[in-house]
Structure formats: structure tokens, C-alpha cells
Amino acid sequence: MITTEIKNKIAEAIRAARTNYPSDAKHAASLGVTTSAYSSIKNGQTERVLSDGNWMSIARKLGVNLRGGIEWKAAKTETFKYITTQLEFIQERGLSGLLCDLPNIGKTFTARHYVKTHPNAVYIDCSQVKTKLKLVRKIATEFGSNTRGSYSDVYADLVFYLRSIDTPLIILDEAGDLQYEAFLELKALWNATERCCAWYMMGADGLKAKINRSIECNKVGYAEMFSRYGDRYSRITPDDGREREAFLKEQARVVAKVNAPEGTDIGVIVRKSAGGLRRVYTEIEKLKMA
């Protein structure tokens, strides 16, 4: 059973996320709750408003930490600054971008942080919605658009909504996991929302290889998709091995300095992590939980 303390923590996250939506109704729809339940939570009522399953679903959507883990602060790494600058630029202008780079450098963290602080921006983990149907319904859900009825109705309502709001942005993470039909549908959505909606596709080097291979094999849709996303791959990490190693270690140092307990030997964390940010988190978690 979910305790009152946990419900209050989730309710606080709901109130914090409200600023990214144009209305209570849209925010309620994105969370999968009725407007009456949403209003009750907004006014401080948490008991007998939602089922435990609903509370857990909302906690998952908003990234609420329920297991008492450490508070993680955003560090202004080069990855964080680069991606944030790109996202702000394309969102303001309704453009598109494509980032392919190493894993474990902070791409996902930055994207999730961005949507929490910018209205009309949504984050989609494509590894969880690989098919066309799941992808479009997920995007519609995140915006609070209609998700009921036939697929064609959901699609049409989503396009209408994206064309009616100010500077929407859709971030597609782990895009290399999408099935072929989903890629084709992204092209259709791009066409239907050209200059009205910004798109940002992210993935590791495998996404770049997949796109290049598909273009070389003349697979329908990939050349057009690549063109719509700027005809280029953005990258943050240096190509040179030594420069890349120094870059990753500096990122680890910046993150550790912001998040490690006072008095921690930052150099030890950097050496243990070898520049991997997930290992930095693990090492700092050990220190804070000790």
C-alpha cells in the first residue's frame, strides 16, 4: 500500500510539472487521470482520489524516486550545454536535429531535464514504444491529446494539436530501436507538422550505422528522413582517442563535483568511473548511503 508520504511526494511532482502544460485538463490527460481527480490532488487531497496503481503510474511518468535514492543535481557538462543549446534553438524555430554519440555521456539525463523546464516539450523513450501504434499514442499521451478511438483519429487529433500550440518539441531517444513502420510514420508526422513542431532524434553510434546502411540499400524512407533531420549527425565527443578520454574524465569530474558529498576526493571517483557517468552515480551513491 502506498503511504501518504509517498502520495504527497508524487503530488508535489505533479504540481511542479503543471507549468509545462497549457491547462489542467491537458496535464490530467497526459497523466491518465480525470480532471476531477487532478483538481483534488492539486488542492492537496491525496486520500481516496486514485488507486495505488494510478499513483505508481504517475510516479513512473514523472520520474519520482520512491526508493529513497540520492538526489541528483544537473551538472553543466559539455554534453549538457551542447544538447540544451541545440534543443532551445530548434524548439524556438520549429526545426529538427539528429544526435548520434557514445552511450553513457548524459544524453538522456539532459533530454529529460530539458522537458521538465520547457513548456510543450516531451521526451519519448523509443525502446519502450517500438511500433507505429505505440509510438504515436505515446506522443499523444505526453501532450495530453486524444488517445481513444481509432488510430487514424488519434493521429489526426495529434497533428491538429501540434499545429495549434506554440513551439512543440518531441525528443526521440533510443531512436534506433524503432521498427521500420514507425520510422515511416515519423516522416509522415514531420510532413504534417513542418515548421510547426521541432523534432530531435538521439541515439548511439548504432543509430547512425542503421540509417547509413538503410540509405545505402535504398530502403524507402530513410534518405527522406535523414534530409528532414538536417542531413547531418551531430556529435559531442572528440574523435581522437586521447582527446575523447580527457573529455569523458572532465565530464565525470564536473558531475562528481556537483553531486558528491563535501570532502570527497573527486579524483578517485573520476579514476574509478573512467569517464562513465553511470559509474559516477554508483560511486557517489555508495558514499551517500554509507
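The structure under discussion appears in the preceding block.
Please read all numbers here as calculations on a predicted model, not as lab measurements.

Rules and cut-offs
Residues numbered from 1 in each chain as written. Predicted model: local features only at pLDDT ≥ 70, side-chain atom pairs only at ≥ 80, totals over all residues. Heavy atoms only, no water. Core = buried A, V, L, I, M, F, W, Y, C linked by side-chain atoms within 4.5 Å. Buried < 20%, exposed > 50% of the residue type's maximum accessible area, 1.4 Å probe, protein only. Contact = heavy atoms within 4.5 Å. 1 Å grid on protein atoms, 1.4 Å probe; cavity = no way out; pocket = protein on both sides within 12 Å on 5 of 7 lines; lining within 4 Å. Points joined across faces, edges and corners; volume = space filled by probe spheres on them. Nonpolar A, V, L, I, M, F, W, Y, C, P; charged D, E, K, R; others polar. Axes fitted to C-alpha atoms, helices over the stretch in contact; angles between N-to-C directions. Helix = DSSP H or I, 4+ residues; strand = E, 2+ residues; numbered from the N terminus. Parallel < 35°, antiparallel > 145°, perpendicular 65-115°, else oblique. Left-handed = near helix turned anticlockwise from the far one by under 90°. Pairing = 2+ DSSP bridges. Phe/Tyr/Trp six-rings, centres within 6.5 Å; stacked < 30°, edge-to-face > 60°. Salt bridge = Lys/Arg side-chain N within 4 Å of Asp/Glu carboxyl O. Polar contact = N/O pair within 3.5 Å; in protein donor to acceptor, adjacent residues only side chain to side chain. Arc of directions from axis to C-beta.

### Considering the nonpolar core
The biggest cluster of nonpolar side chains holds 38 residues, and the ones touching the most others in it are Ile 170, Leu 172, Trp 199 and Met 201. If we skip the residues at most four places from it in the chain, Ile 170 touches Val 122, Ile 124, Ile 139, Phe 143, Leu 162, Cys 197, Ala 198, Trp 199 and Tyr 200.

### Digging into the layout of surface pockets
A volume near 260 Å³ is recorded for the second largest pocket. Lining the second largest pocket, in full, are Ala 25, Ala 29, Gly 32, Val 33, Thr 34, Thr 35, Thr 141, Gly 144, Ser 145, Asn 146, Thr 147 and Arg 148. Looking at the lining of the second largest pocket residue by residue, the classes come out as 3 nonpolar, 8 polar and 1 charged.

### Concerning the packing of helix α1 (residues 4-17) against helix α4 (residues 52-62)
Contact pair α1 / α4: the axes reach a minimum separation of 10 Å and the direction vectors enclose 50°. On the basis of the axis angle, α1 is oblique to α4. As α1 packs across α4, the resulting crossing turns out to be left-handed. Packed against α1, whose contacting residues are Lys 7, Ile 10, Ala 11, Ala 13, Ile 14 and Ala 17, the element α4 presents Asp 52, Trp 55, Ile 58, Ala 59 and Leu 62 at the interface.

### Some words on the sheet that holds strand β4 (residues 198-203)
Pairing between the strands of a sheet is mediated by backbone hydrogen bonds and can be parallel or antiparallel. The sheet built from 4 strands is open, its strands ordered β1-β4-β3-β2 with parallel pairing. Unpaired on one side and paired on the other, β1 (96-100) and β2 (121-125) mark the two borders of the sheet. Shown here is a sheet whose adjacent strand axes are inclined to one another by a mean of 15°, direction ignored. Inspection of the sheet shows strand β3 (residues 169-173) paired to β4 by 4 bridges, in the parallel sense.

### Some words on the packing of aromatic side chains
Counted under the stated rule, the structure contains 6 aromatic pairs. Between Tyr 180 and Tyr 222, the aromatic rings sit 6.0 Å apart at their centres with planes inclined by 5°, giving stacked as the arrangement. Here Tyr 222 lies in helix α11 (residues 222-228) and Tyr 180 lies in helix α9 (residues 180-192), a separation of 42 residues in the sequence. A centroid spacing of 5.1 Å and a plane angle of 35° characterise the contact between Phe 183 and Tyr 222, whose relative ring orientation is tilted. Taken together, the residues Phe 183 in helix α9 and Tyr 222 in helix α11 connect sequence positions 39 residues apart. Residue Tyr 222 is classed as buried on the basis of its relative accessible area, which comes to 3%. Clustering of aromatic rings is evident, with ring pairs tying together Tyr 180, Phe 183 and Tyr 222.

### A few points about the pattern of salt bridges
Counting across every chain of the model gives 14 salt bridges. Measuring nitrogen to oxygen at the nearest pair gives 3.9 Å for the salt bridge that ties Lys 272 to Glu 283. In this pair, Lys 272 sits in helix α13 (residues 266-273) while Glu 283 sits in helix α14 (residues 277-289), placing the two residues 11 residues apart along the sequence. Take Lys 272: its relative accessible area is 45%, and that puts it in the partly exposed class. On the basis of relative accessible area, Glu 283 is assigned to the buried category, the value being 7%. A salt bridge links Arg 279 to Glu 283, with the nearest nitrogen and oxygen atoms 2.7 Å apart.

### Comments concerning empty space enclosed by the protein
Empty pockets left among the atoms are what a rolling probe the size of a water molecule brings to light. The final tally for this structure, using the stated rule, is 1 cavity of 30 Å³ or more. Approximately 30 Å³ is the volume found for the largest cavity. Residue lining of the largest cavity: Tyr 180, Phe 183, Leu 184, Lys 187, Val 220, Gly 221, Tyr 222 and Met 225, and that is the complete set. Mapped by element, the contributors of at least two residues to the lining of the largest cavity are α9 and α11.

### Some details on the environment of Ser 96
As for its position among the elements, Ser 96 is in strand β1. Taking the C-alpha atoms as reference, Ser 96 lies 5.5 Å from Tyr 200; in sequence the two are 104 residues apart. When residues no more than four places from it in sequence are discounted, the contact partners of Ser 96 are Ile 90, Trp 190, Trp 199, Arg 228 and Tyr 229. Only 2.8 Å separates the side chain of Ser 96 from the side chain of Trp 190, close enough to count as a polar contact.

### Comments concerning the pairing of β1
Counting buried positions along β1 gives 5 out of 5 residues, so the element sits mostly inside the fold. Bridge count for β1 against β4 is 5 bridges, and the pairing is parallel. Bridge pairing in β4 links Cys 100 to Gly 203.

### Overview of helix α2 (residues 24-31)
When α2 is considered as a whole, its buried residues turn out to be His 27, Ala 28, Ser 30 and Leu 31. All buried residues of α2 fall inside an arc of 160° around its axis, so they share one side. On its buried face, α2 is in contact with α1, α3 (35-42), α4 and α7 (132-143). Two residues or fewer after α2 comes Gly 32, characterised by a positive phi angle close to 75°.

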